[in-house]
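Each chain, written out:
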Amino acid sequence: MDNSVLSVDVVAGVAGGLLSLCFNYIPGLREKFAALDDVKKSWIMGLALLVGVGLIILVSCTNLWVLMTCDKVGFVDIVKLFLIALAINQSTYKLSPQVASVKAIKAARNTVDYKSAGPVG
């Protein structure tokens, strides 16, 4: 049996993917998230991951729980892990099947009522 430990790269990727799945499938949250445009969704995910990185830096550099080194190497590593988590997060969002309620909200969001929009020009 292989006694290898999960690498931090894998853990970062799994965390990014799980965050995306939560926003895709938790009832209530998925509908609120679906109503947002894609740019806002990307920003929310990026900021959520950035908050996670900030917490890791905070607990590590205050010696509450050492998850990284607080030197140049540690900060380069945490940026690399953030980018891995962000890439997996966005990929998971794009590849995950959508539930019916999310499809309906997105369809309604993308529907334009041209009669109520008023005259052009």
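Scroll up to find the structure this text is about.
Residues numbered from 1 in each chain as written. Predicted model: local features only at pLDDT ≥ 70, side-chain atom pairs only at ≥ 80, totals over all residues. Heavy atoms only, no water.

(A) Region of the structure containing helix α3 (residues 38-61). In a regular helix each residue adds 1.5 Å, so 24 residues correspond to 34 Å; α3 covers 34 Å between its end C-alpha atoms and thus fits that length. Residues of α3 that are buried include every one of Lys41, Met45, Gly46, Leu49, Val53, Val59 and Ser60, and no others. Where the residues of α3 are buried, they touch α1 (8-25), α2 (29-34), α4 (72-95) and α5 (100-110). Capping of α3 at its N-terminal end is provided by Asp37; its side-chain oxygen lies 3.0 Å from the backbone amide nitrogen of Val39. Among the residues trailing α3, Asn63 stands out with phi positive, at a value near 60 degrees. (Helix = DSSP H or I, 4+ residues; strand = E, 2+ residues; numbered from the N terminus. Expected span 1.5 Å × (residues − 1). Buried < 20%, exposed > 50% of the residue type's maximum accessible area, 1.4 Å probe, protein only. Contact = heavy atoms within 4.5 Å. Polar contact = N/O pair within 3.5 Å; in protein donor to acceptor, adjacent residues only side chain to side chain.)

(B) Structural detail: the pattern of salt bridges. Tallied over the entire structure, the rule returns 3 salt bridges. A salt bridge links Glu31 to Arg30; its shortest N-O distance comes to 2.9 Å. Residue classification places Glu31 among the partly exposed positions, given a relative accessible area of 22%. Residue Arg30 is classed as buried on the basis of its relative accessible area of 18%. Residue Asp38 pairs with Lys41 through a salt bridge whose shortest N-O separation is 3.8 Å. (Salt bridge = Lys/Arg side-chain N within 4 Å of Asp/Glu carboxyl O.)

From the geometry alone we can't say anything about function, so treat these as descriptive.
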